[in-house]
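Okay, here's what each chain looks like letter by letter:
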Amino acid sequence: MAEAAEAAEGPARRGKRTGAEPGAAAEEPAEAERAARRRRSRDGDGDGHGVRDRDRDGEVGAGRGAGGARPSSTSRGSLQPAADIQGTTVLHDTISDRPQPLPARYFDTKTTEPISFFLTGLEELLAWQPNSNDDFNVSAVPLAKRQPPLHSSRPRTLVCHDMRGGYLEDRFIQGSATRNPYVFYHWRYIDIFVYFSHHTVTIPPVVWTNAAHRNSVPVLGTFITEWTDGEKLCEAFLAGGEEAYGAVAEQLARIAQHYRFDGWLINIENTLSAAAVGNLPLFLQDLTARVHSAVPGGLVIWYDSVLKDGTLRWQNELNNANRMFFDACDGLFTNYNWKEEQLERTQRLAGPRLNDVYVGVDVFGRGDVVGAGFDTYKSLRLIRQYGLSAAIFAPGWVYEHLGKENFLQNENRFWGLLAEYLPTHSICTLPLTTSFSLGMGTSTFMDGKDEESGPWYDLSAQDIQPLYPEHQGMLSTSCCLQDAWCGGSSLQLQGTIPSGEERVAVRLFSLQMPAPPKIFLTMLYKLEGPQPDDFTVALEVTTWDSEMCFEGNPTSLPEPNGRYHPRFLPAPPPSLAKLLAACHRGSHGWTSRCYELELQDCSLRDLSLIVSRQQPSLQETSFTCLLGEVRVSACYGLVETPAPCPPCSGKVGAACPDPDSAVVPSQVLDTASVAASPPQVHSVMASQLWWQEGPEPEQLSLSLTLRWSFPPGRARWFRVLSQGARCRLGQTAPQVLGLAQGCLFRAVGLSVPQPAPGQSCRLELLVELVLRDELPVDPERWGRLVLVYSAPGSGTSSDGH
């Protein structure tokens, strides 16, 4: 019993679950698949003409490829431009044999792909300083606003993610070729996400921060000390006094601020000396104040472990033995083996801070718990009866315990059982654009076409996620990986229209914002099944009840129940045709629809999809509808606010925004701004070049980091493309290398021709600007980099190349 009780303590349930450390053999299949996919898409172009020092206008070209895993040589760390004309930088490099390994903390040692990392021990924490190598780890996605705000007076839901030690395939910042990965997408149902591992300082992988922030959920890292080593570490910084614990608090606050996540879970799971425990509340107060100052909306949450006398004994409640730590920070995460009477005592003691107590629920069911696994709802039901918040630990049980093959189906079942006890949060700003991509897939789709088959995984590419309503036997909402409009998945709606009923409404998004005078909506969908022509699909907007809310003009009567059906637009108005080009984008079996709705003095409540019969029937009728994209944008008078329409991000994400970048919640366009040229992407630079042996004879494999400049807050995305590498005259087909959310991207494994002695070759890379309003940008405003490279000892070729 003692062993079982000990195993139930602490967020990690020690001794019961094992997993590979980053880079272990268990992950080799994914690594091999990643390399194989790069080989399949390599450029391999040996045609072309010699390069010139000045770039000319040209077609967007291709050139992604892969080299061998063994680096044979590398160039200088950074190249300086020979020219910078009209956004084009021309750089010269000689293939060098001087090895210069990239720092293993920040880059995968086999591929040089950027990776996320952790810190081990007090020395590494205190020595941490930001540097250019970790720019990829800075979140590019600001925390989206939500309603109600996080600190409103209602119970919250925290999810603590713990999976096989952490930093698995999610450590690859620009994605990986992982088959059947773990993803989380029920963001609308949770309020806080914690990334947990047993490393001293767990910095959340940036892909998680990007996905959570896009869906209005703050992300916390973990600071943990354990066992004998933890006692020594705590003695060093807690017993040392204000200067010592203040230095730790300062570093933790700086790290959260630098990488743009939202705070810390503090987990001290070892005994403390009298001096150390005496300073612990002061440390928590100091850390909380510093995080609040450095990170807007920042949080520090304490895990139920150490008591006020320094002993390690989990309480499973808030009581007078641990209250001083709760009082010193933003919340308490209790242990998991509580009983109802402990919830009752916690409720009384918490007083007005009732929602700051997160009652632990271990989905693996270690120890004596009320409910776990698919019975987790039993724990949630009891917690909510006392008005307390909940901390759901290791919901990855669905993936780890039940297996990968039916993960999405089991995941929807798990969260569907909990939904009744999980208050959702609403979208409160427009525009709203989503293709429902999970940030993974078995193929990459673009405009409804399967562009590239093969598994991929990149949570930074996850779209805004909807609600996932379930009505037993009547409706199921799930993710479809077999067909999509953009990215890796679409939203699949399967249901039955009951006999005598004409339609079914599927609630997609909860909204909470004043309605603009005019709303434009676009949708892409596909009806499946034996008789798809028997149904029609439309959007419905509901508003909060108000006697002042009218559709169209003040002479119209309020709509019963606040339900409004936007007017279908076969074609957009001429003034908006460019902005609403989605009305004509249907292809590959997808149907596009464009709508407008005029409202006065209304407040938006829900956005739903309506599936209706074409003809009345007394029979139940089943339907299947795939939803590929939804956009909602606002128009204020003569000044339109279009939805930003990000290009198909597919599977690749990169991120290092300008430090001064600002959130632009809604770009307002008038005629002048539509006609005006956007700023130039400029100062494209290359650094950290790695030349490797190529996958084929007379080929090289090149990896390099690109950086560029652009005014903050103006771009939605950047697409990085290759014009191809050539040593003689020739053209290649266009190919996207990846998507960057900020002014930073690492191209890995570009297959380029090897220059002959006395010959130089040319590689051209482009940075395409995608504005927040999605208006097309003239290629002259893109950034360009031309790399002229030659073999060692080669001079300029006789034709001047």
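Data block above holds the structure.
Residues numbered from 1 in each chain as written. Predicted model: local features only at pLDDT ≥ 70, side-chain atom pairs only at ≥ 80, totals over all residues. Heavy atoms only, no water.

Caption draft 1: Inspection of the overall build of the protein at higher detail. Helix and strand content of the protein: 13 helices and 35 strands. Looking at the protein as a whole, 62% of its 801 residues are labelled buried. Of all intrachain contacts in the protein linking residues separated by at least 6 positions in sequence, the fraction that spans at least 24 positions is 80%. Element-wise, carbon and sulfur atoms account for 50% of the exposed surface of the protein, whose accessible area totals about 30500 Å². (Helix = DSSP H or I, 4+ residues; strand = E, 2+ residues; numbered from the N terminus. Buried < 20%, exposed > 50% of the residue type's maximum accessible area, 1.4 Å probe, protein only. Contact = heavy atoms within 4.5 Å. Areas by Shrake-Rupley, 256 points an atom, 1.4 Å probe, with all protein chains shown as cover.)

Caption draft 2: Region of the structure containing the state of the cysteines. Under the defined criterion, the tally for this structure stands at 2 disulfides. Here Cys549 is linked by a disulfide to Cys602, with a sulfur-sulfur distance of 1.9 Å. Judged by the sign of its S-S torsion, about 95°, the bond between Cys549 and Cys602 is right-handed. Taken together, the residues Cys549 in the loop between strand S21 (535-543) and strand S22 (550-551) and Cys602 in the loop between strand S25 (591-600) and strand S26 (603-613) connect sequence positions 53 residues apart. Of the two residues examined, Cys549 and Cys602, each falls in the buried class. Two residues share a disulfide in this structure: Cys727 and Cys761, whose sulfurs sit 1.9 Å from each other. Taking the torsion about the sulfur-sulfur bond, which here is approximately 95°, the covalent link between Cys727 and Cys761 counts as right-handed. Here the residue Cys727 occupies a position in the loop between strand S31 (715-726) and strand S32 (735-740), and Cys761 occupies one in strand S34 (residues 760-771), the gap between them amounting to 34 residues. Assigned by exposure class, Cys727 and Cys761 land together as buried. (Disulfide = S-S within 2.5 Å.)

Caption draft 3: Molecular detail of the side chain of Ser489. Positionally, Ser489 belongs in the loop between strand S17 (486-487) and strand S18 (490-497). Using a relative accessible area of 0% as the deciding quantity, one classes Ser489 as buried. Here Phe436 takes part through its backbone oxygen, which lies 3.3 Å from a polar atom of the side chain of Ser489. Setting aside residues no more than four positions away along its own chain, Ser489 makes contact with Ser435, Phe436, Ser437, Leu438, Cys480, Leu481, Asp483 and Ala484. (Polar contact = N/O pair within 3.5 Å; in protein donor to acceptor, adjacent residues only side chain to side chain.)

Caption draft 4: Focus on the pairing of S34. Counting buried residues along S34, 12 of its 12 residues qualify, which places the element largely inside the surrounding structure. As paired elements, S31 and S34 share 10 bridges and run antiparallel to each other. For Leu721, the partnering residue across the bridge sits in S34 and is Leu766. Here 8 bridges tie S34 to strand S35 (residues 783-790), and the two strands are oriented antiparallel to one another. Paired with Ser760 across the strands is Ser790, a residue of S35. (Pairing = 2+ DSSP bridges.)

Caption draft 5: A look at the pairing of strand S30 (residues 699-709). The element S30 is extensively covered by neighbouring structure, given that 9 of its 11 residues are classed as buried. Pairing between strand S29 (residues 682-693) and S30: 8 bridges, direction antiparallel. Looking at S30, one finds that Met685 is bridged to Arg707. The hairpin formed by S29 and S30 contains 5 residues between the paired strands, and Glu698 there has a positive phi angle of roughly 60°. Sheet topology note: the S30/strand S33 (residues 744-753) ladder contains 8 bridges and is antiparallel. For Ser701, the partnering residue across the bridge sits in S33 and is Ser751.

Caption draft 6: Expanded view of helix H12 (residues 407-418). In this model H12 runs 17 Å from its N-terminal to its C-terminal C-alpha over 12 residues, within 8% of the 16 Å that 1.5 Å per residue would give. Along H12, the positions that sit buried rather than exposed are Phe407, Leu408, Asn410, Glu411, Asn412, Phe414, Trp415 and Leu418. Looking at the buried residues of H12, the elements they touch are strand S4 (157-161), helix H10 (376-385), strand S12 (389-393), helix H11 (397-402) and strand S16 (475-480). (Expected span 1.5 Å × (residues − 1).)

Caption draft 7: Highlighting the nonpolar core. Grouped together as the largest cluster of nonpolar side chains are 146 residues, with contacts concentrated most on Trp208, Phe223, Phe237, Trp264, Phe283, Trp302 and Leu609. Leave out the neighbours within four places in its chain, and Phe283 touches Phe237, Leu238, Tyr245, Val248, Ala249 and Leu252. Core analysis: the next-biggest nonpolar cluster, separate from the first, contains 38 residues, Val684, Leu702, Leu706 and Ala747 among them. (Core = buried A, V, L, I, M, F, W, Y, C linked by side-chain atoms within 4.5 Å.)

Caption draft 8: Summary view of the packing of H10 against H12. Look at H10 against H12: their axes get within 8 Å of each other, and the N-to-C directions meet at 25°. In terms of orientation, H10 and H12 fall into the roughly parallel class. Considering how the two elements wind past one another, H10 and H12 form a crossing that is right-handed. Along its contact with H10, which presents Thr376, Tyr377 and Leu380, the element H12 presents Phe414, Leu417 and Leu418. (Axes fitted to C-alpha atoms, helices over the stretch in contact; angles between N-to-C directions. Parallel < 35°, antiparallel > 145°, perpendicular 65-115°, else oblique. Left-handed = near helix turned anticlockwise from the far one by under 90°.)

Caption draft 9: Helix H7 (residues 274-294), seen in detail. Its 21 residues place the ends of H7 31 Å apart at the C-alpha level, agreeing with the 30 Å of an ideal helix rising 1.5 Å per residue. Of all the bends in H7, the greatest reaches close to 35° and is centred on Leu280; the proline Pro281 follows between one and four positions later. Buried residues along H7 sit in contact with helix H5 (227-237), helix H6 (242-259), strand S8 (263-269), strand S9 (299-303) and helix H8 (323-327). (Bend = angle between axes of the 7 residues up to and from the residue.)

Caption draft 10: Main features of the sheet that holds strand S15 (residues 449-457). Sheet architecture is open: 3 strands sit in the order S15-S14-S17, paired in antiparallel fashion. Each edge of the sheet is formed by a strand with only one pairing partner; in this case those strands are S15 and S17. In the sheet, strand S14 (residues 440-446) pairs with S15 via 6 bridges, with the strands oriented antiparallel. Bridge assignment links Ser443 to a residue of S15, and that residue is Ser453.

Caption draft 11: Structural view of the environment of Pro466. Structurally, the position occupied by Pro466 is in the loop between S15 and S16. With a relative accessible area of 1%, Pro466 lands in the buried category. Note: C-alpha distance between Pro466 and His186 (280 residues apart in sequence) is 8.0 Å. If sequence neighbours within four positions are ignored, Pro466 has contacts with Arg188, Phe436, Leu491, Leu508 and Phe509.

Caption draft 12: Structural view of unusual backbone geometry. Put simply, Gln147 and Pro148 share a cis peptide bond, and its omega is -10°. With respect to the helices, strands and loops of the structure, Pro148 is situated in the loop between helix H3 (121-127) and S4. The linkage connecting Leu430 with the following residue, Pro431, adopts the cis geometry, with an omega of 10°. Tracing the backbone through its elements, the reader meets Pro431 in the loop between H12 and strand S13 (432-434). Phi angles above zero are rare outside glycine, and Tyr167 is one such case at about 55°. Turning to its location among the elements, Tyr167 is positioned in the loop between S4 and strand S5 (192-195). Here Trp227, not a glycine, exhibits a phi torsion of approximately 60°, which is positive. Counting through the fold element by element, Trp227 comes out in helix H5.

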